[in-house]
Amino acid sequence: MSTYQAPLAEMQFVLNELAGIDSVGRLPGFEEATPDVVAAILEEAAKFATNVLDPINRSGDKEGAQWHEDGSVTTPAGFRDAYRQFCDNGWNGLTKNPDYGGQGLPRLLATAVEEMWHSSNLAFDLCPLLTQGAIEALELCGSAALKARFLPNMVAGTWTGTMNLTEPQAGSDLAAVRSRAVPQGDGTYRVFGQKIFITFGEHDYTENIIHLVLARTPDAPEGVKGISLFVVPKFLVNDDGSLGARNDVRCVSIEHKLGIHASPTAILAYGDNGGAVGYLVGNENHGLEYMFIMMNLARFSVGMEGVGIAERSYQRAVAYARDRVQGKAVGTGKGDPAGPIIGHPDIQRMLMTMRAYIEASRAVAYVTAAAIDHAHHEPDPAAKKRHQAFVDLMIPIVKGWSTEIAQEVTYLGVQVHGGMGFIEETGAAQYYRDARITTIYEGTTGIQANDLIGRKTARDGGNTARSVAAEIARVAAELAAHPDAHLRSIGKRLAAACADLNQAIDWVVGAFGTKPREAHAGAIAYLRLWGLTVGGWQLGRSALVAARHLHEGVGDARFLRAKIVTARYFAECLLPQANAWREALIEGGEAAVAMPVESF
Ligand SMILES: Cc1cc2nc3c(=O)[nH]c(=O)nc-3n(C[C@H](O)[C@H](O)[C@H](O)COP(=O)(O)OP(=O)(O)OC[C@H]3O[C@@H](n4cnc5c(N)ncnc54)[C@H](O)[C@@H]3O)c2cc1C
């Protein structure tokens with residue numbers, strides 16, 4: 001059985017050489033994120049992931065969360081204790097405001113830490129992840145009184161948070177939200193309605209759960225402009241901070257799912273007994289705006305779920321491929337005995353594909369995390385704005401692309417195992433099942449792709465997109481002029497992908513308003529093209545750094561040579577798909593929507 005080992009050398013390489021953790025550490029407020037602190041935190045997180053979370057991942061999947069007739073929910077053996085240790089060790093408040101007990105560390109560092117939680121136990125980390133989002137929304141949009149009442153316990157993890165958007169008739173389309181919030185004249189509201197699919201909506205970790213709920217006030221306008229955001233605690237909180245009466249919110253059931261079995265996905269009924277007491281966050285009718293703050297963070301984190309679970313699937317596949325003996329590898333000597341399957345070229349191809357996708361998606365996500373830190377902490381408004389524009393463009397790519405390729409990686413993880421991949425005991429199948437949700441929640445890939453063509457590309461006439469493409473072209477040119485032939489090969493292919501991307505941007509900007517159905521039909525192709533090209537960009541940058549370090553004789557030569565091989569594999573075997581995605585986008589949209597609906 002393989003045990004999760006955090007890829008610390010790789011993480012440090014990406015943090016230092018690609019994402020620029022040193023420049024993040026120089027931003028005001030991040031003075032404590034020195035290289036020593038970063039290294040110590042990564043090492044401690046790695047131990048926690050390996051020793052506490054990984055060992056209960058498989059048992060948690062088998063046992064699953066359990067709902068009981070009284071509306072309570074129990075999590076699988078070991079999860080509650082792991083959560084207590086998680087909070088005691090301060091992991092819950094890593095990036096949170098020190099005013100509320102957090103550690104105020106950079107998102108970039110937290111991203112590497114979060115990857116380890118996702119790799120070792122995705123179901124476990126969903127609770128802290130949703131709590132982080134709820135904290136963020138409250139901190140940015142809540143009143144001083146709400147913050148004082150709820151944030152310290154949420155940052156400490158004593159209370160957890162949830163995100164209540166979805167209703168039976170309102171999934172991707174939140175304009176259809178019907179839950180009601182009736183003002184009581186004393187500043188509070190009574191909330192009524194049903195929410196479905198609420199992650200960790202009920203559990204046995206903590207004494208209280210703080211729900212953030214979207215609902216409509218009686219005079220609210222139709223559509224998304226009439227949605228408000230409310231805090232609805234499971235137990236009311238007295239003025240002295242102690243717990244008061246049970247609020248009118250009940251867990252009526254939990255879902256039976258394909259994966260993430262240890263994570264309870266709750267159906268919550270609000271207001272069956274007179275209405276759940278709720279407190280308005282910010283102003284009425286601005287709820288969706290506030291929720292998007294939470295959702296952007298959550299979307300980024302779900303992208304990281306894709307990276308994390310893909311990494312774990314890869315580690316397990318490599319361990320199995322080293323162990324399983326089957327046949328003689330092509331090209332070995334006549335009298336040689338049968339060897340481990342890792343010697344077969346096709347197994348190597350699968351492992352290379354997994355590795356290249358993981359390294360590319362990790363680098364893209366960490367670079368985006370660094371930009372999030374710059375966007376929040378740069379003193380110069382122009383720099384803030386520039387970084388924020390990059391982040392806005394990248395969020396649907398990190399979410400959409402990393403989770404889509406996690407499907408391919410975990411699929412290959414099963415395939416490397418042969419028949420044993422289909423058998424639950426090896427664990428490969430769990431990653432394949434657990435990964436499946438990541439392209440669905442926090443907005444499906446289709447919704448991310450719509451965001452990418454509309455708000456993120458067409459809205460500013462393609463300006464941000466073109467400026468990123470220009471930077472990619474610059475790196476491609478540097479690679480193409482390199483003395484090393486391998487780097488020149490990467491540069492040639494990256495330049496070709498970048499040319500495809502530029503054509504695609506121009507097409508999307510033109511077609512978005514004039515041929516909206518074709519443009520939307522091609523949106524996924526556009527997202528995949530972006531993912532591949534930014535992935536190739538970051539791996540191209542890795543190859544440049546690795547070549548420089550090898551030339552200067554610094555660092556671990558084997559690690560650095562592996563970086564170049566991986567970047568080459570990505571450029572030569574995966575990046576050529578960029579051309580096909582461009583073609584599908586520009587030429588294929590018409591065929592995609594040509595079939596009359598009744599002919600399906
Ligand atoms: C395990 C799990 C946990 C979840 N956790 C939470 C949670 O904590 N809180 C919460 O509020 N919700 C949660 N959800 C809900 C989740 O966010 C929704 O399932 C998701 O947003 C999709 O909505 P839907 O299921 O209604 O699908 P639908 O919106 O019905 O979508 C069905 C299909 O239609 C497509 N589609 C819909 N609209 C468009 C469009 N405009 N353009 C193109 N394609 C479109 C979708 O891409 C999809 O393929 C969770 C769901 C699951 C399964």
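Residues numbered from 1 in each chain as written. Predicted model: local features only at pLDDT ≥ 70, side-chain atom pairs only at ≥ 80, totals over all residues. Heavy atoms only, no water.

Undergrad: Is there a simple way to think about the site of the ligand in this case?
TA: Near the ligand you find 19 residues, and of these Met163, Thr166, Ser172, Phe197 and Thr444 are the closest. At 2.7 Å from a nitrogen atom of the ligand is found a main-chain nitrogen or oxygen belonging to Met163. A distance of 2.7 Å is found between an oxygen atom of the ligand and a side-chain nitrogen or oxygen belonging to Thr444. Protein contact buries 62% of the 980 Å² of open area that the ligand shows by itself. Breaking the shell around the ligand down by element, the ones donating at least two residues are strand 3 (159-164), strand 5 (189-199) and helix 13 (445-458). Broken down by element, the residue count for the shell around the ligand peaks at three residues, all from strand 5. Classifying every residue of the shell around the ligand gives nine nonpolar, eight polar and two charged. (Near = heavy atom within 4 Å. Polar contact = N/O pair within 3.5 Å; in protein donor to acceptor, adjacent residues only side chain to side chain. Areas by Shrake-Rupley, 256 points an atom, 1.4 Å probe, with all protein chains shown as cover. Helix = DSSP H or I, 4+ residues; strand = E, 2+ residues; numbered from the N terminus. Nonpolar A, V, L, I, M, F, W, Y, C, P; charged D, E, K, R; others polar.)

Undergrad: Just to check I follow, could you spell out the pairing of strand 11 (residues 265-270) for this structure?
TA: Working note: regular strand, side chains alternate between the two faces of the sheet. The element strand 11 is largely enclosed, with a buried count of six among its six residues. Taking every second residue as pointing to the same face, both faces of strand 11 are buried, with Thr265, Ile267 and Ala269 on one and Ala266, Leu268 and Tyr270 on the other. Where strand 5 lies against strand 11, five bridges are found, and the strand directions are antiparallel. From the neighbouring strand, Gly193 faces strand 11, where its bridge partner is Tyr270. Summarising the sheet, strand 10 (residues 249-254) and strand 11 pair through five bridges and their orientation is antiparallel. Residue pairing for strand 11: Val249 is matched across the bridge by Tyr270. (Buried < 20%, exposed > 50% of the residue type's maximum accessible area, 1.4 Å probe, protein only. Pairing = 2+ DSSP bridges.)

Undergrad: Looking at this structure, I do not really get helix 6 (residues 107-120). What am I missing?
TA: For an α-helix, 3.6 residues make a turn, and residues three or four places apart therefore share a direction. Across its 14 residues, helix 6 extends 20 Å between first and last C-alpha, which sits within 8% of the 20 Å expected from 1.5 Å per residue. Counting buried positions along helix 6 yields 14 of 14 residues, so the element is predominantly enclosed. (Expected span 1.5 Å × (residues − 1).)

Undergrad: Explain the side chain of Asn247 to me, please; I cannot follow it from the model alone.
TA: Within the secondary structure, Asn247 is located in the loop between strand 9 (243-246) and strand 10. A relative accessible area of 3% means that Asn247 is categorised as buried. In terms of polar contacts, Asn247 uses its side chain to reach the backbone amide nitrogen of Val277, at 2.8 Å. Beyond its immediate stretch of four places on either side in the chain, Asn247 contacts Val232, Pro233, Lys234, Phe235, Leu236, Ala276 and Val277. (Contact = heavy atoms within 4.5 Å.)

Undergrad: Looking at this structure, how should I read the pattern of salt bridges?
TA: Pairing between side chains becomes possible if they bear opposite charge and their charged atoms approach one another. With the rule as written, the count across this model stands at 28 salt bridges. For the salt bridge of Arg355 with Glu359, the shortest nitrogen-to-oxygen distance reads 3.4 Å. Here the residue Arg355 and the residue Glu359 both occupy positions in helix 10 (residues 345-377), the gap between them amounting to four residues, near one helical turn. Arg355 gets classed as partly exposed once you look at its relative accessible area, which sits at 25%. (Salt bridge = Lys/Arg side-chain N within 4 Å of Asp/Glu carboxyl O.)

Undergrad: Where do I start with the environment of Val237 in this structure?
TA: Turning to its location among the elements, Val237 is positioned in strand 8 (residues 235-237). The exposure class assigned to Val237 is buried, which follows from its relative accessible area of 5%. Separated by 97 residues in the primary sequence, Val237 and Leu140 place their C-alpha atoms 21 Å from one another. In contact with Val237, not counting residues within four places along its chain, are Arg149, Phe150, Trp159, Asn208, Ser242, Leu243 and Gly244.

Undergrad: Sorry if this is basic, but what is going on with the packing of aromatic side chains here?
TA: Two measures describe an aromatic ring pair: the distance that separates the ring centres and the angle between the ring planes. Tallied over the full model, the rule gives 18 aromatic pairs. Measuring from ring centre to ring centre gives 4.6 Å for Tyr83 and Tyr205, while their planes differ by 15°; the resulting arrangement is stacked. With Tyr83 in helix 5 (residues 79-88) and Tyr205 in the loop between strand 5 and strand 6 (208-215), the pair connects residues that are 122 residues apart, well separated along the chain. On the accessibility criterion, Tyr83 (3% relative accessible area) is buried. Taking 6.4 Å as the distance between ring centres and 85° as the angle between the ring planes, the aromatic pair formed by Phe390 and Trp537 counts as edge-to-face. With Phe390 in helix 11 (residues 381-416) and Trp537 in helix 17 (residues 523-552), this pair connects stretches of sequence that are 147 residues apart. One exposure class covers both Phe390 and Trp537, and it is buried. Linked through ring pairs, Phe48, Phe79, Tyr83, Phe86, Trp91, Trp117, Phe124, Phe200 and Tyr205 together constitute an aromatic cluster. Sitting over the ring of Phe235, Arg246 keeps its end group 5.5 Å from the ring centre. (Phe/Tyr/Trp six-rings, centres within 6.5 Å; stacked < 30°, edge-to-face > 60°. Lys NZ or Arg CZ within 6 Å of the ring centre and 35° of its normal.)

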